[in-house]
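# Analysis of the macromolecular model
What follows is each chain in one-letter form.
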Amino acid sequence: MEEGFQFKQFYVSHLQSTMKVGTDATLLGAWADAGDSTNILDIGTGCGVIALMLAQKSAANILGIDIDVDSTLEAAANFAASPWRDRLSAKYT
């Protein structure tokens, strides 16, 4: 396994991303309440950790966007390796 962070239900790689897994992202992902949302937009998704945490606790479809191509590619790989791959997508904008 490469450098990254193992959560209970998923693994996040953050070697290529401009936004790494850190205390702020972890706390925000734990604190955020998706409620009954059907769609969520994660602007500046970085490695995708917040999007993954929201996918873990909701049934929403989630789009993570980023202006950094390497971050977007890493988020897409993290999403594809997760149990919620069918509800997560990443887009470079």
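Here goes a summary of the coordinates provided.

Rules used throughout
- Residues numbered from 1 in each chain as written.
- Predicted model: local features only at pLDDT ≥ 70, side-chain atom pairs only at ≥ 80, totals over all residues.
- Heavy atoms only, no water.
- Helix = DSSP H or I, 4+ residues; strand = E, 2+ residues; numbered from the N terminus.
- Expected span 1.5 Å × (residues − 1).
- Buried < 20%, exposed > 50% of the residue type's maximum accessible area, 1.4 Å probe, protein only.
- Arc of directions from axis to C-beta.
- Contact = heavy atoms within 4.5 Å.

## Description of helix 3 (residues 69-80)
Relative to the 16 Å expected for twelve residues at 1.5 Å per residue, helix 3 spans 16 Å between its end C-alpha atoms, a close match to the ideal helical length. The set of residues buried in helix 3 consists of Ser71, Thr72, Glu74, Ala75, Asn78 and Phe79. Seen along its axis, helix 3 keeps its buried residues to an arc of 165°; they face one direction. Lining the buried residues of helix 3 we find strand 2 (11-13), helix 2 (49-56), strand 4 (61-66) and strand 5 (88-92).

## Regarding the environment of Ala81
Tracing the sequence through the fold places Ala81 in the loop between helix 3 and strand 5. For Ala81, a relative accessible area of 62% translates into the label exposed. Each C-alpha atom of the pair Ala81 and Gln56 lies 13 Å from the other, and the pair is 25 residues apart in sequence.

Shape descriptors only; they carry no functional weight alone.
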